[in-house]
Structure formats: C-alpha cells, structure tokens
Amino acid sequence: MGMAAADIARMIKESFTDAEVRIEDLTGDGNHYAATVISEAFRGKSRVQQHQMVYDALKGNMGGVLHALALKTATP
C-alpha cells in the first residue's frame, strides 16, 4: 500500500503555499516517487535543509507509507 501522488502534493503545498510541486510515480506502484518542489521558503537554505523541510511537510509518512522519494528542490 502506497501513497497517492495527489496526497503528497497536497501535504507539501500545505506547508509551502507558494510552491510549484511536480510529482512523478516512478514505478507505478505508489511507493516510489520523484518530486520537484520550487519555493521561496528554500532561499538561503542548504540542499539538506531544503530536503528536511519537505520531509517535515510529509508529517512522518516518509519511510513508512511513502517508501521512496527522489527529491529535487529549488528557489524560484
């Protein structure tokens, strides 16, 4: 059992209201996704900090319901 791409995008947008979010299901199984998140909130943050911010937005689902997320973050 995985997580729907729309749910991942919704959770990220709840934390980063200005974000442009693109989610791609890499394997079709609902467990392996790639996400691109572009938000002003990332400005001045390291790549690690940016990724931690996104993982925090997923509210503990990363590594549980959501098995794998290839993450790309950027500022506008």
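Residue numbers restart at each chain and count upward from 1, following the sequence in its written direction. pLDDT decides what is reported in this predicted model: residues at 70 or higher carry local features, side-chain atom pairs at 80 or more are listed and counted, and totals for whole chains, interfaces and linings draw on all residues regardless. Values shown for side chains rest on all heavy atoms present in the structure; no hydrogens or waters enter the calculation.

## Describing the overall build of the protein
Secondary structure summary: the protein contains 2 helices and 3 strands in total. We count a stretch as a helix when DSSP gives it H or I for four or more residues in a row; a strand needs E for two or more, and each element gets its number in order from the N terminus. The secondary structure elements of the protein, listed N-terminal to C-terminal, are α-β-β-α-β. We compute the radius of gyration over the C-alpha atoms and compare it with the globule rule, which gives 2.2 Å times the number of residues raised to the power 0.38. In terms of C-alpha radius of gyration, the protein reaches 11 Å, essentially the compact-globule figure of 11 Å for 76 residues. Across its three principal directions, the C-alpha atoms of the protein cover 35 × 20 × 20 Å. Exposure is judged per residue with a 1.4 Å probe applied to protein chains only, and the accessible area is read against the type maximum: over 50% gives exposed, under 20% gives buried, and values in between give partly exposed. Among the 76 residues that make up the protein, the fraction classed as buried is 34%. Residues are treated as being in contact if the distance between any of their heavy atoms lies within 4.5 Å. Once local pairs closer than 6 in sequence are excluded, the contacts in the protein between residues at least 24 apart make up 55%. In the protein, the 8 positive side-chain charges and the 9 negative ones have mean positions that sit 7 Å from each other. Under the convention used here, Asp and Glu are negative, Lys and Arg are positive, and both His and the chain ends fall outside the count. To locate a charge, the coordinates of NZ of Lys, CZ of Arg, CG of Asp or CD of Glu are taken.

## Quick look at helix H2 (residues 47-57)
Listed in full, the buried residues belonging to H2 are Gln50, His51, Val54 and Ala57. Each buried residue of H2 lies within a common arc of 115° when the element is viewed along its axis, so the set occupies one face. Turned more than 90 degrees away from the buried face of H2 sit Val48 and Asp56, all of them exposed. Regarding the arc, it is the one traced by the directions from the helix axis to the C-beta atoms.

## Digging into the pairing of strand S1 (residues 20-25)
As paired strands, S1 and strand S2 (residues 32-38) are joined by 6 bridges and run antiparallel to one another. Residue pairing across strands places arginine 22 opposite threonine 36, the latter belonging to S2. In this antiparallel pair of consecutive strands, S1 and S2, the connection spans 6 residues, and glycine 28 shows a positive phi of 80°. Paired strands are those between which DSSP finds at least two bridges.

## Some details on the environment of glycine 44
Here glycine 44 shows up in the loop between S2 and H2. Taking C-alpha positions, glycine 44 is 9.2 Å from threonine 75, a pair spaced 31 residues apart along the chain.

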